[in-house]
Amino acid sequence: MSASTIRMTDRLDAYLVSVSDREPAILAELRAETRPMKGAGMQITPLQGQFMALLVKLVGPRRIVEVGTFTGYSSLAMGLAMAPDARMTCLDISEDWTAIARRYWAKAGLADRIDLVLGPAAASMERLLAADGPGTVDMVFIDADKENYATYWEHALALLRPGGLVLVDNVLFQSNVPEDISDADILARYPDSPDFARNVMIPSVHAIRAFNRAVHADDRVELSMLPVGDGLTLAVKR
């Protein structure tokens, strides 16, 4: 038995994929189309999508809200696992990225069960809460701008029923979240993109650190953070 989380190597990761990955062809096709795009790194990994699909099978949510859709990999993975009478609402700000998602939802026969809402996600979540009331959602996946994670978290808990599940992506944020990593260290990790490091990475790292500490202390949920993909927090509303 190990007293700590196993350290993944390229060799071990390749083995893990070889004995676990069951990526459906349509998800592989979407991943291949997204790969050459700017921002392709925002897409979740196949194994994370597979894990989230398994959670959908286990939880059996009738209503899912996704905060941050990009080209649709996570929504498609969850959608393929949904029960026939389940519905998903996806929140995003990009018409271009989500046009790809819409195309794949249609190809998978999910277009009539996934609703897309374009606009700032916090406002969209507030409108969902006002329209449908609290406790009307079974599962929420948060994977949008990191500086608003705390806001999305509060809205997610308001929307979720007791026993509902919230998933939060990127909580290990490219291994930059340990508090002994300085801003200078982060800048040094991105020597070819100093503006990106300064304007995107550093504020996001600070936001994720604060978010993780706040969630750890939040007694409204049962909690587990897993080293899946870029770090995935699972929390069940009490």
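Scroll up to find the structure.
The numbers attached to residues start from 1 for each chain and follow its sequence in the written order. Residues qualify for local features only when their pLDDT is at least 70, as the model is predicted, and side-chain atom pairs are given and counted only at 80 or more; totals for whole chains, interfaces and linings, by contrast, use all residues. Note that the side-chain values use all heavy atoms of the structure and ignore hydrogens as well as water.

Caption draft 1: Molecular detail of the pattern of salt bridges. One speaks of a salt bridge when a side-chain nitrogen belonging to Lys or Arg is within 4 Å of a carboxyl oxygen belonging to Asp or Glu. Applying the stated rule across the entire model yields 13 salt bridges. Residue glutamate 33 is joined to arginine 103 by a salt bridge in which the shortest nitrogen-to-oxygen separation is 2.6 Å. Here the residue glutamate 33 occupies a position in helix 2 (residues 25-34), and arginine 103 occupies one in helix 5 (residues 95-107), the gap between them amounting to 70 residues. Since its relative accessible area comes to 29%, glutamate 33 is described here as partly exposed. What makes arginine 103 partly exposed here is its relative accessible area of 42%. Put simply, Glu154, Asp218 and Arg220 are held in one network by salt bridges that share partners. Numbering of helices and strands runs from the N terminus; a helix is a DSSP stretch of H or I covering at least four residues, while a strand is a stretch of E covering at least two. Only protein chains enter the accessibility calculation, which uses a 1.4 Å probe; a residue is then buried when its area is under 20% of its type maximum, exposed when over 50%, and partly exposed in between.

Caption draft 2: Here's a closer look at the environment of alanine 158. Turning to its location among the elements, alanine 158 is positioned in helix 7 (residues 149-159). Setting aside residues no more than four positions away along its own chain, alanine 158 makes contact with Leu129, Pro134, Gly135 and Lys237. By the convention used here, residues are in contact when the closest approach between their heavy atoms is within 4.5 Å.

Caption draft 3: Fine view of unusual backbone geometry. The phi torsion at phenylalanine 70 lies on the positive side, around 55 degrees, for a residue other than glycine. With phi around 55 degrees, glutamine 174 is a residue other than glycine that occupies positive phi space. Looking at the secondary structure, you find glutamine 174 in the loop between strand 5 (160-169) and helix 8 (183-189).

By themselves, these are just geometric observations and shouldn't be taken as functional.
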